[in-house]
Each structure stands twice: as C-alpha cells, then as structure tokens.
Amino acid sequence: MFKYLKNDLPASVVVFFVALPLCLGIALASGAPLFSGLIAGIVGGIIVGLLSGSSVGVSGPAAGLAAIVLVAIDQLGFKIFLSAVVIGGIIQVLFGVARLGIIGYYFPSSVIRGMLTGIGIIIILKQIPHFLGDDDDPEGDFAFFQVDGENTFSEILNAIGDPSIGPTIIGLISLAILILWSSVLSKKGRFFELVQGPLVAVVVGIVYYIVTKGTEFGISTEHLVSLSEDRDTTGLLTQFVTPDFSQAFTPPVLITAFTIALVASLETLLCVEATDKLDPEKRVTPTNRELLAQGTGNIVSGFIGGLPITQVIVRSSANIQSGGKTKAAAVLHGFLLILSVAAIPFLLQKIPLSVLAAVLFIVGYKLAKPSTFKAMWDAGWQQFLPFIVTVVGIVFTDLLIGLALGLGVGIVIVLFRSYKNSHFLHKENEDPTDGKMKMTLAEEVTFFNKGAILKELDALPENSYLELDVRKTRYLDNDIIEILDDFAFKAKQRNIDIKLISERGVIENPESYIEFFKLRPKKSKKIKN
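Residues numbered from 1 in each chain as written. Predicted model: local features only at pLDDT ≥ 70, side-chain atom pairs only at ≥ 80, totals over all residues. Heavy atoms only, no water.

Topic: the overall build of the chain
When you go through the chain residue by residue, the secondary structure sums to 21 helices and 9 strands. Long-range contacts, defined as pairs at least 24 residues apart, comprise 79% of the intrachain contacts of the chain with a sequence gap of at least 6. Accessible surface for the chain amounts to roughly 24200 Å². Of this, 63% is attributable to carbon and sulfur atoms. (Helix = DSSP H or I, 4+ residues; strand = E, 2+ residues; numbered from the N terminus. Contact = heavy atoms within 4.5 Å. Areas by Shrake-Rupley, 256 points an atom, 1.4 Å probe, with all protein chains shown as cover.)

Okay, structure coming up:
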C-alpha cells in the first residue's frame, strides 16, 4: 500500500485540507455536533480506506445525506439517530453480501459525467460567499433551496453586496498561488511537485491572518475554521457519543436506517463509477467489497458518534488531481485529521475559510471544465440531453433529484431508440414493383418494439408478399406474437401472402402464430465441462 508514498503523502495533505472544512460544514448543515463530522471523516479515511478495494476513492460525510440527517436528528434526537446509522451500516453490509454492487453500472456514462460536472459547478457556486467572507451558511449546504429561505444565487448576491476585505484579499492571493503553482511552477522542478499549491496557500493564509490581525485588512474569527461551536479545543478527542438503541426496532428508526443505507449505497456506487473514470490508470473498484467497507465504516462511525459515510467525489477527485496512487492517501488523510485535532487545533482554527474556498474553486473547475460540455455536445443529442438535464437538476435542486432526472431522460431516450432502431425490425430488398418484401426480426424483440413492428405491418400494401424471417430470433415477447397473430387475420382480408421462415423450416400463411411459437423447440442446455 505504501509503494507510492512519495505520491500519496502529498495527495493526502491536499485531501486533508479539503476534507477538514467539508467535515465541519456537512455536520453543521446536518444539525449535528461539529465533532461528529470529523469522526466520520476519520473513520471514512482509516477504516473504510483500509477495507475498500478502491485505490483512489476517499470516504467521509456526504453533502447528499445532509437533508436526510437533518430531518432524522430533528425527529429522533442525536443519540437515537446514531442507532439508525449503525443499523444502516448493517443493512449496507447485507447489500454487499447479496452482491447488489452492480446497481451503479445501470447509470449511463452521460449521467455520471453530468453528476461530476454538476457537483463541480455547485462547489464553485457554494464557495463564492466564503471566498468573499460571507460565512453564515456551512460549506456542506449543497442544496439549491436552503433551510434559511435563501438559495444558491441569492447567497452569492448577498455576498457580493457586502464582501469582507480581509477574506477577499487572502482568497484572491490563494487563488493566484494555486493557479500559478499548477500551471507554471509544478513543471519547474521536483520541489514544486512535492510541495503542493494548496498547502502553500494554507500556510500563506495563516501567516496573513497573524500579520494583519487587528488591522482594517484583518480577518475576524467567524471567517476562520472552527473545530467547535465555542472554539474551545480542549479535550476534543474525548467528545465521543454512543448511540441509544432503546428505540432501535421502531418504525421511525428502521425507516431512517433503510433510507440511509439505500441513499448512501447509491451515492457510493455512483461515486465509485465516477472515480474509476477519473483514475488515470483506469482501475476498476470491486463494488460489492465497497458496500461491505462502507457498511462497516457506518457501523463504527455510528457507534462512536459520527455521521453517515459514503465515498465522496470532492475528496476523491482532489486525491486524483493531486497525484494519489493508492489507498494510502485516503488512510493517511484520516490520520492527519486525528493528528490535527489532537496536536494543532489552535493552528487549524487560524485557517481562513476563503483560502479553503480557493482550493475548492480549483477542484470544482477541474470537474466542470468547458471542454466537457463541448465533448458531450459533439457526442450527439442522445448523450448531451441526459448530461445537461443532470447538471441543471443538480445545480437547481440537489444531487439525488438531479441524478433521478438525468436517469429518467436517459431511459426515455433508450425507449425511443428501441422503438426506432432497425436492429429490432430490419426490412430487406423492398421492391414495390413486385410487391415482395422481406423482414428479419432481431435476436431479441420485446414489447418496446410493438409500435415499430405494428407500423411496418400496417404499411404493407394489398396483394403483396411478405417473407418473415425469425431464424435469428431467440426471444420473442408475447405482445409481438399477438401482433403477428392479429396480422395473419388482416393479411387474408388484404390478400397478403406470408412466408414464415424459422429454424424448423418454411411455413406458408400460418393459421396461428401463437400456436406456432408455443411449439418451437427449446434451446438445448449447455453441457458444463
């Protein structure tokens, strides 16, 4: 696991600086104690990182679960909610045992790309207020309509109308450092590859806060990272909370547990699919093992007071973009979270949030590059439409609704293509002068093709001759057989002769297609060696 430590260690530092504010922000958005977000980040890094089969995926508290967690904590209370997290983890383990990890493969690549792009845009939009020194809402509040009545764009307008000078200045300086580091300095020598731009930006941010403290260009404490609500860092690692199982088998807890398990599993599988696409080495993550790892992580996190965990695209993409090669980067970032909370909490609380916003700007841009839109447009409308619907849905609603909309559009397009696709009904050698036509049904013909087949049969002229070839057909839906059976009656009225060619021979003007296909010989079973 430590073969590429020279790559994984710098990447883990970057992931750590991205994960820290997100863990705190998602906890705040979820109405949970802020320390619970850090617990989830630590467990996601170390426990899930060790058990997962993903080389570059990083797990932790997810923004997509924030709304579910917020409602659950409000209804159940935090300790009873933790019991739902533990039960949800057990359900995820059962999902893995039942080999349900294939669910994520049923999402089209256009929807996956739309998810990546939408999340990138959301990251940028949500960080603009923090970049300008407006930190009333947490970083984890990723939904368009927020609990305070505002929305993504109204928050940006509010921040633009009343920016804070200090955070904006250091935000701009940090952004310049990051752009310069990635586009110029990283190509100048080994030092600039080992020392990552985000780390330099954070150090400059801390120095700026210390130097300008008390001046008109200074940064007030509300614009800094906060590890606790009162900024008291004594005894942080003793603030563990255990779950209350007294209501574990009541309907509200079980419903919450199943919802967490289902949503967390779906988000994880989609993230796995997206992360594998981003992986430069194109490694494939074993999805069933991932569900087992995530379930185990949620059991542990729930038992010690942490939020639900999923694999998360923001931290995973930051890991990949920073050169992470193996799961060591994810594990090390978990240990860095522990180390930072235990050893230097006072220093962490001097990091300006606008610096972290600048780091996330770069992450978001790399996910939502303009070239991605062009590539999807060039791929044709059948790829672009699910892609753009997913993007717009995520930006203007939330992650799950956006994915559902994109998937729905993708399914409609598949049905449309199935209806139109000549693969299912192929017409050969049409010659209107002699009235002879030949149709070859495909290997599989389902009820999706009813409309296309019925249209073609009804269009046959009177006094014509149809050769219907079903030799290649291995599955013929009963709906199609009924259409053919009805057509046999109509054909007599319109004086259309039919020659049915099958693997059993040739039949002229069959009386009943239903009886014919019932009597077709079954496929022989394959003999296992």
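Some remarks on the pattern of salt bridges
Tallying each qualifying case throughout the model produces 7 salt bridges. Measuring nitrogen to oxygen at the nearest pair gives 3.8 Å for the salt bridge that ties E281 to K325. Remark: K325 occurs in the loop between α12 (313-321) and α13 (328-343) and E281 occurs in the loop between α10 (251-278) and α11 (287-303); sequence separation between them is 44 residues. For K325, a relative accessible area of 27% translates into the label partly exposed. Of the charged contacts, one joins D378 and K374 as a salt bridge, the two residues approaching to 3.0 Å between their closest N and O atoms. Of this pair, D378 and K374 both sit in helix α16 (residues 370-378), 4 residues apart, which is roughly one turn of that helix. Judged on exposure class, the residue D378 and its partner K374 are both exposed. (Salt bridge = Lys/Arg side-chain N within 4 Å of Asp/Glu carboxyl O. Buried < 20%, exposed > 50% of the residue type's maximum accessible area, 1.4 Å probe, protein only.)

As for the packing of α10 against α11
To characterise two packed helices, one gives the angle between the axes of the helices and the distance between these axes. It is the contact of α10 with α11, at a shortest axis distance of 10 Å, that shows an interaxial angle of 135°. Relative to α11, the element α10 lies oblique. Here α10 and α11 pass one another in a crossing that is right-handed. Facing S265, T268, L269 and V272 of α10, the residues of α11 in contact are T287, E290, L291 and Q294. Here the contact of α10 with α11 is built from residues that sort into 3 nonpolar, 4 polar and 1 charged. (Axes fitted to C-alpha atoms, helices over the stretch in contact; angles between N-to-C directions. Parallel < 35°, antiparallel > 145°, perpendicular 65-115°, else oblique. Left-handed = near helix turned anticlockwise from the far one by under 90°. Nonpolar A, V, L, I, M, F, W, Y, C, P; charged D, E, K, R; others polar.)

Some thoughts on the side chain of D276
Take D276: it is sitting in helix α10. It turns out D276 is buried and unbridged, and the closest side chain with the opposite charge, R283, is 7.4 Å from it. In this structure the side chain of D276 is engaged in a polar contact, spanning 2.9 Å, whose partner is the side chain of T285. (Lys, Arg positive; Asp, Glu negative; His and termini not counted. Polar contact = N/O pair within 3.5 Å; in protein donor to acceptor, adjacent residues only side chain to side chain.)

So, the packing of α16 against helix α17 (residues 381-396)
One way to put it is that α16 packs onto α17 with a least axis distance of 7 Å and a crossing angle of 140°. As far as their axial angle goes, α17 and α16 are oblique. From α16, T372, F373, M376 and W377 reach across to α17, where they touch Q383, F384, F387 and I388. Residue classes in the contact of α16 with α17 are distributed as 6 nonpolar, 2 polar and no charged.

Looking at the packing of aromatic side chains
Tallied over the entire structure, the rule returns 9 aromatic pairs. In this structure an aromatic cluster arises from ring pairing among F373, W377, F384 and F387. (Phe/Tyr/Trp six-rings, centres within 6.5 Å; stacked < 30°, edge-to-face > 60°.)

Observations regarding the pairing of strand β9 (residues 505-508)
Strand residues, when the strand is regular, have side chains that alternate between the two faces of the sheet. Two elements, strand β8 (residues 497-502) and β9, share 4 bridges in a ladder whose sense is antiparallel. Bridge pairing in β9 links K499 to E508. (Pairing = 2+ DSSP bridges.)

Details of the nonpolar core
Of all hydrophobic cores here, the largest spans 87 residues; its most connected members are F81 and V314. Apart from residues no more than four positions distant in its own chain, V314 is found in contact with V18, L22, I119, I123, L360 and V363. L468, L484, A488 and A491 belong to the second largest nonpolar core, which has 25 residues in total. (Core = buried A, V, L, I, M, F, W, Y, C linked by side-chain atoms within 4.5 Å.)

A look at the pairing of strand β6 (residues 465-469)
Burial analysis of β6 places 4 of its 5 residues in the buried class, the great majority of the element. Where strand β4 (residues 436-441) and β6 come together, 5 bridges link them in parallel fashion. Bridged to K438 within β6 is E467. Sheet analysis places β6 next to β8, joined by 5 bridges and oriented parallel. Along β8, the bridge assignment pairs E467 with K499.

Overview of the environment of M115
Note that M115 resides in helix α5 (residues 109-131). Since its relative accessible area comes to 4%, M115 is described here as buried. With 284 residues separating them in the primary sequence, M115 and L399 have C-alpha atoms 7.6 Å apart.

Overview of the side chain of S83
In this structure, S83 sits in helix α4 (residues 78-97). Aside from chain neighbours lying at most four places away, what touches S83 is P243, D244, F245 and V253.

With respect to unusual backbone geometry
Residue R99 is not a glycine yet carries a positive backbone phi of 60°. Residue classification places R99 among the exposed positions, given a relative accessible area of 59%. The phi torsion at N509 lies on the positive side, around 45°, for a residue other than glycine.

Topic: α12
Most of α12 is tucked away, with 8 of its 9 residues classed as buried. The positive-phi residue at the C-terminal boundary of α12 is G323, with phi of around 95°.

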